[in-house]
Amino acid sequence: MVADLLASMAEESVPRTETGTLLGDLRANARLVRETLSDPRQGRLFKAVIAASTWDTRTAEALHRSYEIRVAEWSPCVTRAVEQGELPPDTDPAELIRAVSAPLYYRLLTTSAPLDEAAHGLSRVRSGAGGGKVAGAWFADVGDTHPMARRVSVPEMVGRRAELAVLDALLPGDTRLVLVDGDAGVGKTRLVQAFVARVGGRATVLRGGCLQFEADIPYAPFAEALPDLFGEEATGAPTGDRVAAYRRVAEAVTRAGDLVVLVLEDLHWADASTRDLLRHLHRALADADVLIVATCRSDELTADHPVATLVTELARSPRTERLHLDPLDRPGVAALARAVLDAEPAPDLVDQLVARAEGNPFFTEELLAAWPGSGDVPRTVRDIVLTRLARLSKNAQHLARLASVAGRTVPHDLLQGLGALPEDELGTALRELVDHGQLTTAGSDAYAFRHALIHESLYRDLLPGERRAATPASPGTSPTTPSWPDRDPRRVPPPSSPTTGTPRATRPARSPRRSRRLRPRSTGSRRPRRTPTTSVPWAGGGRPPNVPRGSPTTRSSSAPRRPRASPATTSARSS
Ligand SMILES: Nc1ncnc2c1ncn2[C@@H]1O[C@H](COP(=O)(O)OP(=O)(O)OP(=O)(O)O)[C@@H](O)[C@H]1O
Ligand SMILES: [Mg+2]
């Protein structure tokens, strides 16, 4: 009797509403479910039948069949959205329909709050369902090993117009060094990439990055930026005495073009040799048409950090500018969410993103990617990264963890040489990691973690045994085992302990939460911060030429300023 009743209720329920848009259809579906469950008689009946289905198989089957009828009725609106390209091709229509009503059933069964107060849940449903690519990819993969949104980064940069204008105005000019600083993931690299793209044919761009782990690769970013000078077999410094070598580096930079932009990424990891050479170049290139753009995580620098000392020193020069990147403000977060979701995010979704990601674009992207699949949004990026990884196949997870020991970039040969997976499984796992945004390809023979924080999270999560397992034999011990590369500054060899010869624990990066405590400056507020600016040094005391009103104020380090405990910081603010 119950079976017949449920089947006829499902069949006779109001037919699907076609509103013309996916969101409209899903909203209509959610409204119908809400009305059904809010109905005093039907709501009670559903509760009773759901309870009975937990111990009576025939009731469970009847309930299941009645849902399948409803799901089949509404699935075509999702199928149509897939056909029209609104959702990814691998979207599972039935799963999406089920997920739309799931929060309402949850409320019905777990609280006695009236369902018309479930608008909160509905708006969340709206956000998830509207999140085309994100929700689609996730829903398609429920219970599968490929559950994540494939795209988390967006092609268009959100905001930062003022900061770009500041950088534009510095080229060409008297400034030789601009330090772009801000928290991990705030968008320093993204901004510099956008600047470099705008510089276009106007300047020659050289790029190099500092290394994360303690590694005996001196001058790493310069070796990466100037491969011809440092050579394929470079051991670090150019040959000859140090002054002559420095001079050759300065000459190589100026010879690279009439106007040169030298990008040095991740200065917070600069080793002593890199710091010394940068000091030298800053002086030696005083009159050259060269702009060095260095990015630096401000949340990595403790007051006594050697790079903090370097920054303070360089900042005293009239040829240095500092550009501090604040987190995105609320409109910026909303714009980023809109771009990722391809739909207007619900206000409560934006509220939660602002509260948890604190305007950090990387955190925001990661939260958006994990959102539909997580019962509870992870509180830290590390959790997000591990949660995302846990949804991949065991092989992919294993490989990602092993790869994290090699550094941000890992050559294919190295992964192959570890012998952790047979060749065909290795290829499949790598493809999965790339498809799911954990790794990107780096050139023709290597992979890189999509973001430093993904790499760091995995590395921090390793057990000591896993770290050892991922460490290949020392170079030369086996002709078939590839050695840890010693040349590419992006590939990091695990240093050996001088006493035991076993790999010394490499320095895992601090999690964003931990490192925040180590900041030299006060960070009490969770709101996007604005560093106080003491003066504006441009000639005439105003803004630099070409910088629109309302742009971030930049401050030359030559300007008189109050004594301060930590290195002076130029402030910029943008969404
Ligand atoms: N303004 C923006 N608009 C859109 N996406 C952004 C923006 N800023 C950053 N992102 C995205 O956020 C993520 C982190 O940005 P990015 O790598 O530039 O941070 P970072 O400050 O360089 O971090 P790290 O200190 O780890 O190097 C990237 O996926 C990037 O594409
Ligand atoms: Mg960066």
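Nothing here was measured: the structure is a model prediction, and the numbers come from that model.

Please provide a residue-by-residue account of the sheet that holds strand S7 (residues 439–441), values included.
The sheet built from 3 strands is open, its strands ordered S6-S8-S7 with antiparallel pairing. Of all strands in the sheet, those bounded by a partner on one side alone are strand S6 (409–411) and S7. For this sheet, the mean inter-axis angle between neighbouring strands, taken without regard to orientation, is 30°. Relative to strand S8 (residues 446–449), S7 runs antiparallel, the two being bridged by 3 bridges. Its bridge partner lying in S8, Thr440 is registered against Ala448.

Describe the pairing of strand S1 (residues 177–182), naming the residues involved and giving the relevant values.
Of all the 6 residues making up S1, 6 are buried; the element is thus mostly covered by neighbouring parts of the structure. Two strands pair when backbone bridges link them, and S1 and strand S4 (residues 290–297) are joined in this way by 6 bridges, in the parallel orientation. Directly across from Val180, in S4, lies its bridge partner Thr295. One ladder, built from 5 bridges, connects S1 with strand S5 (residues 320–325); its direction is parallel. In the strand pairing of S5, Val178 is matched with Glu321.

Just give me the short version of helix H15 (residues 330–341), but keep the residues and values in it.
Taking 1.5 Å per residue, 12 residues should reach 16 Å; H15 reaches 16 Å between its end C-alpha atoms and fits that length. Every buried residue of H15 is listed here: Gly332, Val333, Ala334, Leu336, Ala337, Ala339, Val340 and Leu341.

Break down the packing of helix H13 (residues 272–284) against helix H14 (residues 306–315) for me, with residues and values.
Between two packed helices, the angle of one axis relative to the other and the distance separating the axes together describe the packing. Direction vectors running N to C along H13 and H14 enclose 5°, while the axes themselves pass 11 Å from each other. Considering the angle they form, H13 stands roughly parallel to H14. Along the contact surface, H13 presents Arg275, Leu278, Arg279 and His282, while H14 presents Pro306, Val307, Leu310, Glu313 and Leu314. Its residues assigned to classes, the contact of H13 with H14 comprises 5 nonpolar, 1 polar and 3 charged.

Would you mind going over the packing of helix H12 (residues 242–255) against H13 in detail, with residue names and values included?
Packing of H12 against H13 leaves a shortest axis separation of 10 Å and a crossing angle of 65°. Read as a crossing pair, H12 and H13 show a hand that is right-handed. When H12 is examined against H13, the residues Arg242, Tyr246, Arg247, Val249 and Ala250 are found in contact with a partner set consisting of Ser273, Asp276, Leu277, His280, Leu281 and Ala284. Its residues assigned to classes, the contact of H12 with H13 comprises 6 nonpolar, 2 polar and 3 charged.

Explain the site of ligand 1 residue by residue, including any values.
Surveying the vicinity of ligand 1 reveals 22 residues, the closest of which are Val158, Lys188, Arg190, Arg297 and Glu365. Within the backbone of Gly185, one N or O atom sits 2.8 Å away from an oxygen atom of ligand 1. Isolated, ligand 1 exposes 630 Å² of accessible area, and the fraction of that covered by the protein chains is 93%. Where the shell around ligand 1 is concerned, the elements lending two or more residues are helix H9 (188–199) and helix H17 (361–370). Classifying every residue of the shell around ligand 1 by side-chain character gives 8 nonpolar, 5 polar and 9 charged.

Please provide a residue-by-residue account of the environment of Thr54, values included.
Mapping Thr54 onto the fold places it in the loop between helix H3 (40–53) and helix H4 (57–83). A distance of 2.5 Å separates a polar side-chain atom of Thr54 from the backbone oxygen of Ala51.

Go over the nonpolar core with me, naming the residues and quoting the values.
In this structure, Leu399, Leu415, Leu433 and Leu458 are the most contacted members of the largest nonpolar core, which totals 43 residues. Ignoring sequence-local partners within four residues, the contact set of Leu458 consists of Val385, Leu386, Leu389, Ala400, Ser404 and Phe449. Counting residues in each nonpolar core, the second largest holds 36 residues, with Leu177, Cys210, Val253 and Ala294 among its members.

Report on the packing of aromatic side chains, specifying residues and quantitative values.
Within this structure, the stated rule accounts for 2 aromatic pairs. Look at Tyr219 and Tyr246: their rings are 6.3 Å apart centre to centre, the planes differ by 80°, and that puts the pair in the edge-to-face class. One end of the pair, Tyr219, is in the loop between strand S2 (204–209) and helix H10 (220–225); the other, Tyr246, is in helix H12, and 27 residues separate them in sequence. For the pair shown, Tyr219 and Tyr246 are each scored as buried.

Lay out helix H19 (residues 394–406) with the relevant residues and their values.
For H19, spanning 13 residues, the distance from its first C-alpha to its last is 19 Å, which sits close to the expected 18 Å at 1.5 Å a residue. Among the 13 residues that make up H19, 10 are buried, leaving the element largely enclosed by the rest of the structure. The first or second residue beyond H19 is Gly407, which carries a positive phi of 120°.

Give me the lowdown on the state of the cysteines, citing residues and values where you can.
Under the counting rule described, the total for this entry stands at 0 disulfides. Counting only cysteine sulfurs, Cys210 is the nearest neighbor of Cys296, a cysteine outside any disulfide, at a range of 8.8 Å. For Cys296, a relative accessible area of 3% corresponds to the buried category.

Which residues make up unusual backbone geometry, and what values do they have?
In this chain, Leu171 is followed by Pro172 through a cis amide linkage whose omega measures -10°. Residues other than glycine seldom take positive phi values, yet Arg160 does so here, at roughly 60°. According to the relative accessible area criterion, Arg160 is buried, its value standing at 3%. Despite not being glycine, Tyr219 has its phi angle at roughly 60°, a positive value.

Can you explain the pairing of strand S3 (residues 260–265)? Please cite residues and give values.
By the criterion of burial, S3 is predominantly enclosed, with 6 of the 6 residues buried. Burial of S3 is two-sided: the residues Val260, Leu262 and Leu264 facing one way and the residues Val261, Val263 and Glu265 facing the other way are all buried. Alignment of S2 against S3, held across 6 bridges, turns out to be parallel. The partner of Thr204 across the bridge, within S3, is Val260. Here 5 bridges tie S3 to S4, and the two strands are oriented parallel to one another. The partner of Leu262 across the bridge, within S4, is Ile292. Read as a crossover between parallel neighbours, the route from S3 over H13 to S4 is right-handed.

I'd like a rundown of the pattern of salt bridges, residues and numbers included.
All chains considered together, the criterion is met by 12 salt bridges. Measuring nitrogen to oxygen at the nearest pair gives 2.7 Å for the salt bridge that ties Arg279 to Glu313. Note that Arg279 is positioned in helix H13 and Glu313 in helix H14, a separation of 34 residues in sequence. Within this structure, Arg242, Asp276, Arg279 and Glu313 form a network of salt bridges that share partners.

Cut-offs used in this document
Residues numbered from 1 in each chain as written. Chains lettered and ligands numbered in written order. Predicted model: local features only at pLDDT ≥ 70, side-chain atom pairs only at ≥ 80, totals over all residues. Heavy atoms only, no water. Pairing = 2+ DSSP bridges. Helix = DSSP H or I, 4+ residues; strand = E, 2+ residues; numbered from the N terminus. Axes fitted to C-alpha atoms, helices over the stretch in contact; angles between N-to-C directions. Buried < 20%, exposed > 50% of the residue type's maximum accessible area, 1.4 Å probe, protein only. Expected span 1.5 Å × (residues − 1). Parallel < 35°, antiparallel > 145°, perpendicular 65-115°, else oblique. Contact = heavy atoms within 4.5 Å. Nonpolar A, V, L, I, M, F, W, Y, C, P; charged D, E, K, R; others polar. Left-handed = near helix turned anticlockwise from the far one by under 90°. Near = heavy atom within 4 Å. Polar contact = N/O pair within 3.5 Å; in protein donor to acceptor, adjacent residues only side chain to side chain. Areas by Shrake-Rupley, 256 points an atom, 1.4 Å probe, with all protein chains shown as cover. Core = buried A, V, L, I, M, F, W, Y, C linked by side-chain atoms within 4.5 Å. Phe/Tyr/Trp six-rings, centres within 6.5 Å; stacked < 30°, edge-to-face > 60°. Disulfide = S-S within 2.5 Å. Right-handed = clockwise from strand over helix to strand, strands pointing away. Salt bridge = Lys/Arg side-chain N within 4 Å of Asp/Glu carboxyl O.

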